[in-house]
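Structure assessment
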Amino acid sequence: MPRRKWLVLARNSYMLRTSGFGRFRYIVPLLIGVPIVGAIFAFVPWITNFFLDEVEVFFVSTAAIALIQIVLFTTFILFLFFPISFSLNSGQEEYYEILLSAPLRPKDVILGKFLGDMPFYSVGVIAVASVFVALMLPLGLGVIQGTLITLIFMLTFFSALWIGVVIAAMIRSKIGSSTRGKDIGKALSMAVALPMVGLMYALMSGTVYTALLDVESSGPLPFVLDLLPSSWGANVVVDFAVSPGDASGISLENTLRVGAMAIFFVGVLWAGTKFADRAYNLESQSLSSNLARQEGVFYRAIRAISGGGAFGTLVVSVFKDYGRRLENVSKIVYVIGLVALVTFFFGDAEDAEGGIIMMFFLLPFLAGFIVGEVTIRGKENLFIYRKAPKGELRLVRARLVQSMLVMVPLTVVATAIPLLMMSGASTAAAYMMVPYMIALSAALVVFSLGLFLMWPVFSEKPADMMANVMILTFFMMGCFFVTLFLGLFGEVNGWLFILTLTSIAGAIALMLGVRNLRALE
Amino acid sequence: MSKAMISTKELSKTYGRSGKVIALDKLNLEVYEGETFGLLGPNGAGKTTTVRLLNCIIKPTGGSATVGGHDLIKGSLEIKSMTGLLAESPGLYEKLSAHEFLQFMGALYDVPDDVLDTRTDKLIRLFGLHSRRNHLLEGYSRGMKQKVLIAAALIHDPPLLFFDEPTSTLDPNAALMVKDLMKDLAENAGKTIVVCSHILPIIEELCDRIGIINRGKLVAVGTIDELLARTGKNTLEKAYIDITGGVQKKELLSWRELRGAKA
């Protein structure tokens, strides 16, 4: 009897994810999930007991449904977009080449990957569901009700995840057949996150929550949310909270809601596999290739700024390789978009300084995303420089110049956004922050380059870069709190203190980074 | 006799905390100026490690060596300048065109601008890439990329060249052209060439002498005639298998001897 191919692929996908766990690989989801869920059930009811009255009042109010609708909707969207973003960014051509040569149908590939990842997503879903169940336990929630709430979360999020997986596969097969398309895919992987972040900020800032509470004057938003499957479970959760106990609360209406969710999940699963067989194409190679344009004014200017000659050629080459990758442009758009969104949703029109402080925490991301490119093409790429006389130093110098040339104009733009959007920034002092930010961003470029050479990232996945970016971010936060502690915050001395500290740390990191680069094998 | 271009004494490379993984074990080897030297050995024998060490890409953990009279540690800058390397798994800037990549490589080796432009153009024509010179490398086939990488190894016209599997991904015409190019470089341009390859006919035709590495040790070195005489075999292939130990014929289909295996 032929094996079910999707099952083989699901097992393979699971094995790939758990390869680092040795003989414990079969219980990895349990090893991760049990302590998390255990901790949730230990602490959340204990905390709830302190606020039992308030929790009871909350669940009988209209705010409860609104809040749970928002939580479910946000997570639904997250689970929908995550596989799209992840799939667009990954370029596993060899992996697909293997699949292409095997007797497989597209649906086997998609379903196999989905099921293989499911145990890990289940951990996340059950953890989120457990928070709600644990929160309602002191109210007297029954075992069946708790199980049904967990089931509601699982059905909601797995529906979203499966829709996301199918959409991602189709986008890949549409655009992945050309090198340009793959580039666009990688660029989109970051870009799709921006509307998500916008939505999250809208939720966090209370805009959506207020709209849901005031149904009369909030337009079609509550109606649209009600139509989405993520909202179907919200009413059930609140009904259970209002009528805790096994028998009560499990009304016909709620049974129908949960049933509808189960039908929806089975329906999208069935439709997805059918659709995948028609629309998803495993063939990802094509013979198309892109032309390098003639060097224009821009690259001639870069060459001139870099001093021309051999070094100018190096900087221009590095710049071309960077600029022709759309995902790099996308990362920059993402950070600048983030600045605009934060300013829009959280900015105080009278507080220009607040906007500048926000930049402190976004500049490390910008520096990390720009400089992180240095090692992501792998060791072999670094060996090109290693082979050349003084190659390591040439690499560092070329990368520094290239990164500065990208970082400085972007810093000006990113600093200008909060300044222009806030009326309180019309003072000369506020605008003096622009040159300061340029100096700080230059120091961060040095620091970031040092970090990425000390702890190289040999992968194109943005998530792999995050460790170094987080070091930069925490460093900036540290600097910020030290100035606050010393009473220098907002003072010229405070700003200079941060700049000096960042410059010193950057110089040390770069020195250590170059040493590591020379020793890298 | 010509002077030694490469000379190694007990050159070693180990990995791991206590040096448990021995990649190269006390290599004693001399390669002479103007000579084409073939380095053979099974997969994982230590050929690439040797090439990387002699190009100062990695540092030895024991022994010493000179390349072109320069010490491997103290004279690494001079060695890097005078060697050209086609690596086994080389890095490539895929978002650059062939022309741009060669310009970049030339800049790394300080080739003067006027020389670089002409040389880039000539190398691109030599390898039949002129019509695609402005296409990004990401769209090139593996063989075309290999041609660009060979051109990149030649861009600064070094006296010593290392070719690690130069023809493995090339079509027969291109492989023949590269073979003739290596021959020409050795015979008419006085270059010293070290070739690592599993394609024995190429080694037989090109190389003056051959070294065979197995499990990190140089187990044989000499001319083809010397190796044949030593093993008592009549072909290089048989001599090579004799020295490195091949698979017994009876073992070849042993994996099929299972219940239920179909013909």
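Rules used in this analysis
Residues numbered from 1 in each chain as written. Chains lettered and ligands numbered in written order. Predicted model: local features only at pLDDT ≥ 70, side-chain atom pairs only at ≥ 80, totals over all residues. Heavy atoms only, no water. Helix = DSSP H or I, 4+ residues; strand = E, 2+ residues; numbered from the N terminus. Buried < 20%, exposed > 50% of the residue type's maximum accessible area, 1.4 Å probe, protein only. Contact = heavy atoms within 4.5 Å. Areas by Shrake-Rupley, 256 points an atom, 1.4 Å probe, with all protein chains shown as cover. Disulfide = S-S within 2.5 Å. 1 Å grid on protein atoms, 1.4 Å probe; cavity = no way out; pocket = protein on both sides within 12 Å on 5 of 7 lines; lining within 4 Å. Points joined across faces, edges and corners; volume = space filled by probe spheres on them. Nonpolar A, V, L, I, M, F, W, Y, C, P; charged D, E, K, R; others polar. Patch = residues over 30% accessible without salt bridge, like charges linked within 9 Å, V, L, I, M, F, W, Y side chains within 5 Å. Salt bridge = Lys/Arg side-chain N within 4 Å of Asp/Glu carboxyl O. Polar contact = N/O pair within 3.5 Å; in protein donor to acceptor, adjacent residues only side chain to side chain. Buried area = accessible area lost by both parts, 1.4 Å probe. Lys, Arg positive; Asp, Glu negative; His and termini not counted. Charge placed at Lys NZ, Arg CZ, Asp CG, Glu CD. Pairing = 2+ DSSP bridges. Axes fitted to C-alpha atoms, helices over the stretch in contact; angles between N-to-C directions. Parallel < 35°, antiparallel > 145°, perpendicular 65-115°, else oblique. Left-handed = near helix turned anticlockwise from the far one by under 90°. Core = buried A, V, L, I, M, F, W, Y, C linked by side-chain atoms within 4.5 Å. Domains from an automatic or database assignment. Phe/Tyr/Trp six-rings, centres within 6.5 Å; stacked < 30°, edge-to-face > 60°. Lys NZ or Arg CZ within 6 Å of the ring centre and 35° of its normal.

Observations regarding the overall build of chain B
- Along chain B, the regular secondary structure elements total nine helices and ten strands.
- In chain B, buried positions account for 53% of the 263 residues.
- Within chain B, contacts between residues at least 6 apart in sequence are counted, and of these 64% link residues at least 24 apart.
- Summed over its atoms, the accessible surface of chain B is roughly 12600 Å², and 50% of this surface lies on carbon and sulfur atoms.

Some words on the overall build of chain A
- When helices and strands are tallied, chain A shows 23 helices and zero strands.
- Here chain A, with 521 residues, has 52% of them falling under the buried criterion.
- Long-range contacts, defined as pairs at least 24 residues apart, comprise 82% of the intrachain contacts of chain A with a sequence gap of at least 6.
- For chain A, the exposed area adds up to about 23700 Å²; of that, 71% sits on carbon and sulfur atoms.

Quick notes on the state of the cysteines
- Applying the stated rule across the entire model yields zero disulfides over all chains.
- Its sulfur unpaired, Cys196 of chain B is 9.6 Å from the next cysteine sulfur, which belongs to Cys207 of chain B.

Comments concerning empty space enclosed by the protein
- Scanning the model with the defined rule gives nine cavities of 30 Å³ or more in all.
- When its volume is computed, the second largest cavity comes out at roughly 260 Å³.
- If you go around the second largest cavity, you meet 19 residues; those closest to its centre are Phe383 and Ile384 of chain A together with Leu85, Ala87 and Pro90 of chain B.
- By residue number, the principal contributor to the lining of the second largest cavity is helix α18 (residues 379-387) of chain A, which donates four residues.
- Within the lining of the second largest cavity, the residues separate by chemical class into twelve nonpolar, four polar and three charged.

Quick word on the layout of surface pockets
All names here are of chain A.
- Its boundaries defined by the atoms lining it, the second largest pocket holds a volume of some 650 Å³.
- In terms of lining residues, the second largest pocket is bounded by 20 residues, among which Phe82, Ser85, Ser189, Met190 and Ala193 are the most central.
- Among the secondary structure elements, those contributing two or more residues to the lining of the second largest pocket are α4 (62-89), α8 (179-191), α9 (193-204), α17 (352-371) and α22 (462-485).
- In terms of residue count, α4 provides more of the lining of the second largest pocket than any other element does, six residues in total.
- For the lining of the second largest pocket, the class distribution of residues is 16 nonpolar, three polar and one charged.

Observations concerning a nonpolar patch on the surface
All names here are of chain A.
- The grouping of Phe21, Phe24, Tyr26, Ile27, Leu30, Leu31, Ile32, Val34 and Ile36 at the surface amounts to a nonpolar patch, some 830 Å² of accessible area in total.
- Position of Leu30 among the secondary structure elements: in helix α2 (residues 28-50).
- By relative accessible area, which is 53% here, Leu30 ends up exposed.

Here's the deal with the side chain of Thr244 of chain B
Residue and element names in this part refer to chain B.
- By the secondary structure assignment, Thr244 is in helix α9 (residues 236-244).
- According to the relative accessible area criterion, Thr244 is buried, its value standing at 15%.
- A polar atom in the side chain of Thr244 sits 2.8 Å from the backbone oxygen of Tyr240.
- Sequence-distant contacts of Thr244, that is, excluding residues within four places in its chain, are made with Pro42, Ile212 and Asn214.

Structural notes on the interface of chain A and chain B
- The interface of chain A with chain B comprises 31 residues on the first partner and 39 residues on the second.
- Around 3200 Å² of area is buried between chain A and chain B when both sides are counted, 57% of it from carbon and sulfur atoms.
- Interface area lost by chain A to chain B is led by Ile384, Lys387 and Glu521 of chain A, which between them contribute 21%.
- For the pair chain A and chain B, the number of links is five salt bridges.
- Across the salt bridge formed by Glu100 of chain B and Lys320 of chain A, the nearest N and O atoms sit 2.9 Å from each other.
- Counting across the chain A and chain B interface gives 17 residue pairs in polar contact (both at pLDDT 80 or more).
- Residue composition of the side of chain A that touches chain B, by class: nine nonpolar, seven polar and 15 charged.

Thoughts on helix α12 (residues 229-242) of chain A
- With eleven of 14 residues buried, α12 of chain A is to be regarded as a mostly interior element.
- All buried positions along α12 of chain A are accounted for by Pro229, Ser230, Ser231, Gly233, Ala234, Asn235, Val236, Val237, Val238, Phe240 and Ala241 of chain A.

Points about a negative patch on the surface
All names here are of chain B.
- On the surface, a cluster of negative charge is made up of Asp180, Asp184, Glu187 and Asp208.
- Among the secondary structure elements, Asp180 is positioned in helix α6 (residues 172-187).
- Look at Asp180 and you get partly exposed, because its relative accessible area is 40%.

What to know about the sheet that holds strand β5 (residues 70-71) of chain B
Residues and elements named next belong to chain B.
- Reading across the sheet, the four strands line up as β2-β1-β4-β5 and stay open at both edges, with antiparallel pairing between neighbours. Each edge of the sheet is formed by a strand with only one pairing partner; in this case those strands are β2 (21-32) and β5.
- Note that strand β4 (residues 62-67) and β5 share two bridges and pair antiparallel. Each bridged residue has a counterpart across the sheet, and for Val67 the counterpart in β5 is His70.
- Strands in contact with helix α1 (residues 47-54) are β1 (4-15), β2 and β4; relative to β1, the strand with the most contacts, it is inclined by about 120°.

Overview of the packing of α2 of chain A against helix α6 (residues 106-136) of chain A
Residue and element names in this part refer to chain A.
- Running from N to C, α2 and α6 cross one another at 10°; their axes reach a closest spacing of 8 Å. Taken together, α2 and α6 sit at an angle that is classed as roughly parallel. Seen along the crossing, α2 lies across α6 with a hand that is right-handed. Across from Val28, Pro29, Ile32, Gly33, Ile36, Val37, Ile40, Phe41, Val44, Pro45 and Thr48 in α2, the residues of α6 making contact are Pro119, Phe120, Val123, Ile126, Ala127, Ser130, Val131, Val133, Ala134 and Leu135.
- Taken together, the residues that form the contact of α2 with α6 break down as 18 nonpolar, three polar and no charged.

So, the nonpolar core
- Counting 134 residues, the largest nonpolar core has Leu440 of chain A together with Phe101 and Phe104 of chain B as the members making the most contacts within it.
- For this core, the element with the highest residue contribution is helix α21 (residues 433-454) of chain A, accounting for 14 residues.
- Two domains each donate at least three residues to this core, and these are domain 1 (5-278) and domain 2 (297-519) of chain A.
- Not counting residues within four places of it along the chain, the set of residues in contact with Phe101 of chain B comprises Ile384 of chain A together with Gly91, Leu92, Tyr93, Leu96, Leu137, Val148, Leu149 and Ala152 of chain B.
- Ala64, Val125, Val166 and Ala276 of chain A belong to the second-largest nonpolar core, a separate cluster that totals 49 residues.

Examining α1 of chain B
All names here are of chain B.
- With six of eight residues buried, α1 lies mostly within the body of the structure.
- When α1 is considered as a whole, its buried residues turn out to be Lys47, Thr49, Thr50, Val51, Leu53 and Leu54.
- Among the residues trailing α1, Cys56 stands out with phi positive, at a value near 60°.

Concerning the packing of aromatic side chains
All names here are of chain A.
- The final tally for this structure, using the stated rule, is 21 aromatic pairs over all chains.
- Ring centres 5.7 Å apart and planes at 75° place the aromatic pair Trp232 and Phe264 in the edge-to-face group. Highlighted residues: Trp232 in helix α12 and Phe264 in helix α13 (residues 252-279), separated in sequence by 32 residues.
- The class for Trp232 is partly exposed, based on a relative accessible area of 24%.
- Each residue in the set Phe79, Tyr121, Phe132, Phe153 and Phe157 is aromatic and connected to the rest through ring pairs, giving one cluster.
- Cation over ring: Arg17 sits above Phe120, and NZ or CZ is 6.0 Å from the ring centre.
- Over the ring of Phe311 we find Arg397, and its NZ or CZ is 4.4 Å from the ring centre.

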